[in-house]
Number of protein chains: 2
Amino acid sequence: MVKPEWGRAAIYTQHGNPQDVIKVYDFKLEALPEDKILIENFVAPINPSDVNVVQGVYPLPKDRTEFTVKSNSAEGGVEKLVGTIGGNESIGRVLEIGSKVASISQQNFAVGDWVMFMSSPVASAWTTHTHVSPNEVIVLKNTHGLSPTQIASIKVNASTAYRMLLDIVKLEKGDYVIQNGANSGVGQIIIQLAKRWGYHTVNVVRGRENFDQLESFLKGLGADIVVKEEDLESPEVVALLADKPVRLALDCVCGPQAMKMVKHLKPEGVIATYGGMSKQPMPASAPILIFKDITFKGYWVSKWYKKNTPAKWLEMWDDIMTMMEKGELKEQVTTPINWFSGSGSSEKPLDIQEVQNAVTSTFTSGRKEIFVFTNNY
Amino acid sequence: MVKPEWGRAAIYTQHGNPQDVIKVYDFKLEALPEDKILIENFVAPINPSDVNVVQGVYPLPKDRTEFTVKSNSAEGGVEKLVGTIGGNESIGRVLEIGSKVASISQQNFAVGDWVMFMSSPVASAWTTHTHVSPNEVIVLKNTHGLSPTQIASIKVNASTAYRMLLDIVKLEKGDYVIQNGANSGVGQIIIQLAKRWGYHTVNVVRGRENFDQLESFLKGLGADIVVKEEDLESPEVVALLADKPVRLALDCVCGPQAMKMVKHLKPEGVIATYGGMSKQPMPASAPILIFKDITFKGYWVSKWYKKNTPAKWLEMWDDIMTMMEKGELKEQVTTPINWFSGSGSSEKPLDIQEVQNAVTSTFTSGRKEIFVFTNNY
């Protein structure tokens, strides 16, 4: 746990598709301000919402910072850069604590503590190192022996799934929840939590070559029904779901595709949109609103965090981590994108161009990926 | 109160625009079944939703009946007709009571009692006479000395306005409600009830030649702000509403126009659609749902009636009628379309072609009209 001179981060200076605008830089780690903490990140997942933030689809305030970076030009040297570090979720540890932190924070920080980023709405997580204010991170004193990869997706994906099943409608045992993007990180947790809590799931995914394999995987997690999006209006699926109490639709796609789930909701059902991957609005018509009495809502777990105390956050995370520790809840499947080679004390950063290439291809792979900055935890 | 041989009704045999498909017929009043009541209607309003039902826009079950009607052909005679009487709201009186009614109904009917139609979802109200089951009407024993015209719009318009202000969000005194179609029957009542209950209203109407006159009329009812729909996105209106706690949007238009109201809602606001005059869906986008946290709901007062007891209906109507009796609530302004000539005991039906012409032009007039079947009440 030596403080290095340089950190490495995935930074964008303008909105656009991440594969075009995200560049990896080595940046100078300035002296730690006395009211801040230096964090070394272990891992940071890539969530669909992170992509939307980089694209500029979400109307979030830009948090732009000036960095001193190693020039990627042939001549070398350093240059100034003003940009934003991508990402919203990471797990790291405390490397250094500013001298005034103890007097301004109610949290009790110690070097080596694991921390979860909580700055909102954009946490600038895709970096090996970062200075944060004490109120931007939560100390996780009890991590249940889990790995950083297991814990990393708790704040956004697992908590979104957990809260959406509890907060939107009062579900009864036996009720059905229909969701699209069922193979997403959130989707995988929804399937498992719903099963555990006595609800059934109808899981919508886009058709693909390895559909049978995906269906087996989701059923292995506890999915009751797995349906291709293009079959949602087929007579077979309509007949299959006609007598099922489908009360809640969870939607990360939005647009006309999401409306295909609304057709399967029972009257007075609710569709909650938590992502907008289609970038299209949902056509909510008067008959669907008035006669079918469907409610269209959004869900944003950041808002839940804002309205609740850190004690409540920790209570929820502890419940999730306990389930993971017992093997009752599997974390989302992710593909690691390493920013270093070797392991443990022998690890060293990869060549920056290699990392840049890996990061760029990550955004077009279609897989759930997680940046791994170090395995030395 | 003599039972005539023939009634007169506005009937459609297929869906379409009312001016094309609604025809007026004299129909034979068959012998009263012993489990039914013969009603003579005084008046029946024409609501936008009635027009949508005739058009077939609303997916409601068709209630088709066989009638024996006087032929409108030159040869005269009678013919059989299968169709549906339009309309959903009327006030009439009991003319004859079937012999078994007292034993099958908990209501205490007497000849001469005023009644309100409650069959749902389509009440077949646009007729001088009709046979109804006792559970299809509510006896109004206390009508507060009001005229049939005053009472007639209570069931749909006044009650819709009343309930929407109470049932959708918990409004606090000083809150703002924005509504479109503000000059409609419902709109006029919303303005008055909101004022009475301590809320402010932003009233959206379509631009028109006599806008100033309409604005004065609505302000006379208690409107705080009256805005042309085409000005809703102007910098002046945006600035005017920026600091107003606009929590609820009431929408009878749907479609992209209604979304212009959503822009003025504060975060966590609700838009409730109770009509679909634009016949277009609302484009509910992910950022509006997730980040602005706007909820899109429908409102249908018929559902409130279904979920509540007649005692609750009468309690609400009594509150409304009391306000009207005291002059604290003005009924919606309507233009009478008479189906008879003369008044009191000297009245006689108009020529059927005159009535047909009046009914046809009614549906293209753009005014709020009310059919008046008799003034002899």
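Source: prediction; values computed, not measured. (Residues numbered from 1 in each chain as written. Chains lettered and ligands numbered in written order. Predicted model: local features only at pLDDT ≥ 70, side-chain atom pairs only at ≥ 80, totals over all residues. Heavy atoms only, no water.)

> How do you make sense of the relation of the copies chain A and chain B when you look at a structure like this?
One chain copy maps onto the other through a rotation about an axis and a shift parallel to that axis. The two copies are related by a screw operation: chain A maps onto chain B through 180° of rotation and 0.0 Å of translation along the axis, at an RMSD of 0.1 Å. Such a combination of rotation and displacement between the chain copies is what one expects of a two-fold axis. Most of the interface of chain A is mirrored in chain B, where 100% of its interface residues again form contacts. (Least-squares fit on C-alpha atoms with pLDDT ≥ 70 in both. Contact = heavy atoms within 4.5 Å.)

> Explanation requested: the pairing of strand S14 (residues 270-273) of chain B in the structure shown.
On a regular strand, one side chain projects to one face of the sheet and the next to the other, so that they alternate. Residue and element names in this part refer to chain B. Burial along S14 is two-sided: the face carrying Val270 and Ala272 and the face carrying Ile271 and Thr273 are both buried. Where strand S13 (residues 246-251) lies against S14, four bridges are found, and the strand directions are parallel. Within the sheet, the bridge partner assigned to Asp251 lies in S14 and is Thr273. Once the chain exits S13 it traverses helix H9 (residues 255-262) before rejoining the sheet at S14, and the crossover so formed is right-handed. (Buried < 20%, exposed > 50% of the residue type's maximum accessible area, 1.4 Å probe, protein only. Helix = DSSP H or I, 4+ residues; strand = E, 2+ residues; numbered from the N terminus. Pairing = 2+ DSSP bridges. Right-handed = clockwise from strand over helix to strand, strands pointing away.)

> I keep staring at the packing of aromatic side chains and nothing clicks. Help me out?
Two aromatic rings, taken as a pair, are described by how far apart their centres are and by the angle between their planes. Per the stated rule, a full pass over the model turns up 30 aromatic pairs over all chains. Seen from their ring centres, B:Tyr305 and B:Trp317 are 6.0 Å apart, and the 55° between their planes marks the pair as tilted. Residue B:Tyr305 is located in helix H11 (residues 301-307), and its partner B:Trp317 is located in helix H12 (residues 310-325); the two are separated by 12 residues in the primary sequence. Given the relative accessible area of 5%, B:Tyr305 is considered buried. On the basis of relative accessible area, B:Trp317 is assigned to the buried category, the value being 0%. Grouping aromatic residues by their ring pairs yields a cluster made of A:Trp126, A:Trp339, A:Phe363, A:Phe371 and A:Phe373. The ring of B:Trp6 is capped by B:Lys70, whose NZ or CZ atom sits 4.8 Å from the centre of that ring. We note B:Lys228 situated over the ring of B:Phe211; from NZ or CZ to the ring centre the distance is 4.8 Å. (Phe/Tyr/Trp six-rings, centres within 6.5 Å; stacked < 30°, edge-to-face > 60°. Lys NZ or Arg CZ within 6 Å of the ring centre and 35° of its normal.)

> Is there a simple way to think about the side chain of B:Thr68 in this case?
All names here are of chain B. Structurally, the position occupied by Thr68 is in strand S4 (residues 65-70). Within polar-contact distance, the side chain of Thr68 engages the side chain of Lys80 at 3.1 Å. Here Thr68 is in contact with Trp6, Asp26, Phe27, Lys28, Glu30, Val78, Glu79 and Lys80, once residues within four sequence places are set aside. (Polar contact = N/O pair within 3.5 Å; in protein donor to acceptor, adjacent residues only side chain to side chain.)

> What am I meant to see in the domain arrangement of chain A here?
All names here are of chain A. When its domains are assigned, chain A resolves into domain 1 (6-153 + 334-372) and domain 2 (156-302). Inter-centroid distance (C-alpha atoms) of domain 1 to domain 2 is 32 Å. On the side of domain 2, 12 residues touch domain 1, which itself brings 12 residues to the contact. For the pair domain 1 and domain 2, the two sides together bury roughly 840 Å², of which 52% comes from carbon and sulfur. When the area that domain 1 buries against domain 2 is broken down by residue, the three leading residues are Asn47, Ser153 and Lys368, summing to 36%. Applying the counting rule to domain 1 against domain 2 returns zero salt bridges. Our count for the contact surface shared by domain 1 and domain 2 stands at four residue pairs in polar contact (both at pLDDT 80 or more). In terms of residue class, the side of domain 1 that touches domain 2 is made up of five nonpolar, five polar and two charged. (Domains from an automatic or database assignment. Buried area = accessible area lost by both parts, 1.4 Å probe. Salt bridge = Lys/Arg side-chain N within 4 Å of Asp/Glu carboxyl O. Nonpolar A, V, L, I, M, F, W, Y, C, P; charged D, E, K, R; others polar.)

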